[in-house]
Amino acid sequence: MYQYLDKFGNALALGSQAAGVVTALAMIGSLLLGVFYRYVLGDALVWSDEVAALAFTWTVFLFASALVRTGGHVRVTLLVDSLPALLGELVERSIMVLIFGLGLVMLWTGWNFAEFTAGQVSPAIRYPIWVRNAAVPFGGALICIHALILLVRPRPIHKSSEH
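Residues numbered from 1 in each chain as written. Predicted model: local features only at pLDDT ≥ 70, side-chain atom pairs only at ≥ 80, totals over all residues. Heavy atoms only, no water.

**Looking at the overall build of the protein chain**
The helix and strand tally for the protein chain stands at 7 helices and 0 strands. Counted from the first residue to the last, the protein chain has its helices and strands arranged as α-α-α-α-α-α-α. Of the accessible surface of the protein chain, which amounts to about 9900 Å², a share of 75% is contributed by carbon and sulfur atoms. Between the averaged position of the 10 positive side-chain charges in the protein chain and that of its 9 negative side-chain charges there is a distance of 6 Å. (Helix = DSSP H or I, 4+ residues; strand = E, 2+ residues; numbered from the N terminus. Areas by Shrake-Rupley, 256 points an atom, 1.4 Å probe, with all protein chains shown as cover. Lys, Arg positive; Asp, Glu negative; His and termini not counted. Charge placed at Lys NZ, Arg CZ, Asp CG, Glu CD.)

Right, dumping it as structure tokens:
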């Protein structure tokens, strides 16, 4: 049963990374266009900063969720590595519970904030602001899913995050 859950988590992380690459490329393209128009053509684009901010927000939360799955976040493992295997695994699972809690907080507060900004639009492009703010609850939901999958993993979490 866990193997299907694990495959789902891997596919979800891969999808998050693919979408993150697309948004990162959109951000970079928008910024490069903005710089080109401003400094080469002498005429600033009014929309490039908004597109870059929108893409940046989604890029951050998509990649952050995928990094929970792969154990790619910056970590200091000196303490955990020095503990006996069972105690180290208990610490890893406790950390994963905290990460799950953080995902829930992001989901709850992000949803409330996106809902609060539902009637607002961006100044230049006039896209709904909730589209940008929805990245927070979406990333929080993905973080919860990945943390939950790692929590029910029958193998040690610590070994799964080593590269």
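**Here's the deal with the pattern of salt bridges**
The final tally for this structure, using the stated rule, is 3 salt bridges. Between R69 and D6 there is a salt bridge whose closest N-O contact spans 2.2 Å. Taken together, the residues span a long stretch of sequence, with R69 in helix α2 (residues 48-70) and D6 in helix α1 (residues 2-40) at a distance of 63 residues. An identical accessibility class is assigned to R69 and D6; each is buried. A salt bridge links R153 to D6, with the shortest nitrogen-to-oxygen separation between them at 3.3 Å. Residue R153 is found in the loop between α6 (135-151) and α7 (157-160), and its partner D6 is found in helix α1; the two are separated by 147 residues along the sequence. Among the residues examined, D6 registers a relative accessible area of 14% and is labelled buried. The structure contains a network of salt bridges with shared partners spanning D6, R69 and R153. (Salt bridge = Lys/Arg side-chain N within 4 Å of Asp/Glu carboxyl O. Buried < 20%, exposed > 50% of the residue type's maximum accessible area, 1.4 Å probe, protein only.)

**Here's the deal with helix α4 (residues 85-116)**
Because each turn of an α-helix spans 3.6 residues, side chains separated by three or four positions in sequence point in the same direction. Compared with an ideal rise of 1.5 Å per residue, which puts 32 residues at 46 Å, α4 spans 46 Å between its outermost C-alpha atoms and is within 8% of the ideal. Turning to α4, its buried residues number three or more, namely G88, E89, E92, R93, M96, G103, M106, G110 and A114. (Expected span 1.5 Å × (residues − 1).)

**A look at the confidence of the model for the protein chain**
Overall, the predicted model of the protein chain reaches an average pLDDT of 91, with 96% of residues at or above 70. Per-element mean pLDDT across the protein chain ranges from 62 in α7 up to 96 in α6. (pLDDT = per-residue confidence, 0-100.)

**Side note on the nonpolar core**
Of all hydrophobic cores here, the largest spans 7 residues; its members are V68, M96, M106, I143, A147, L150 and I157. At the level of secondary structure, the elements contributing two or more residues to this core comprise α4 and α6. No other element matches the 3 residues that α6 contributes to this core. W58, L62, A134 and A135 belong to the second-largest nonpolar core, a separate cluster that totals 5 residues. (Core = buried A, V, L, I, M, F, W, Y, C linked by side-chain atoms within 4.5 Å.)

**As for α6**
Here α6 spans 24 Å end to end across 17 residues, near enough to the 24 Å set by a 1.5 Å rise per residue. Every buried residue belonging to α6 is among A135, P137, G139, G140, L142, I143, C144, H146, A147, I149 and L150, and all of these are buried.

**Description of unusual backbone geometry**
Of note, R126 is a non-glycine position whose phi angle comes to about 75°, a positive value. Mapped onto the fold, R126 is located in the loop between α4 and α5 (129-133). Overall, the relative accessible area of 54% leaves R126 in the exposed class.

**A look at the side chain of T117**
Here T117 is to be found in the loop between α4 and α5. Sequence-distant contacts of T117, that is, excluding residues within four places in its chain, are made with I129, W130 and N133. (Contact = heavy atoms within 4.5 Å.)

**What about the environment of F100?**
Note on placement: F100 falls in helix α4. Note: C-alpha distance between F100 and L142 (42 residues apart in sequence) is 9.8 Å. In this view, F100 contacts C144, A147 and L148; residues no more than four positions away in its chain are not counted.

**Looking at the packing of α2 against α6**
Each pair of packed helices gets described by two things: the angle between the helix axes and the distance between those axes. α6 packs onto α2 with a crossing angle of 5° between their chain directions and a minimal axis gap of 8 Å. Taken together, the axes of α2 and α6 lie roughly parallel to each other. Taken together, the residues of α6 that come into contact with α2 (itself represented by T57, W58, F61, L62, S65, V68 and R69) are A135, V136, F138, G139, L142, I143, H146, A147, I149 and L150. For the contact of α2 with α6, the per-class residue count stands at 12 nonpolar, 4 polar and 1 charged. (Axes fitted to C-alpha atoms, helices over the stretch in contact; angles between N-to-C directions. Parallel < 35°, antiparallel > 145°, perpendicular 65-115°, else oblique. Nonpolar A, V, L, I, M, F, W, Y, C, P; charged D, E, K, R; others polar.)

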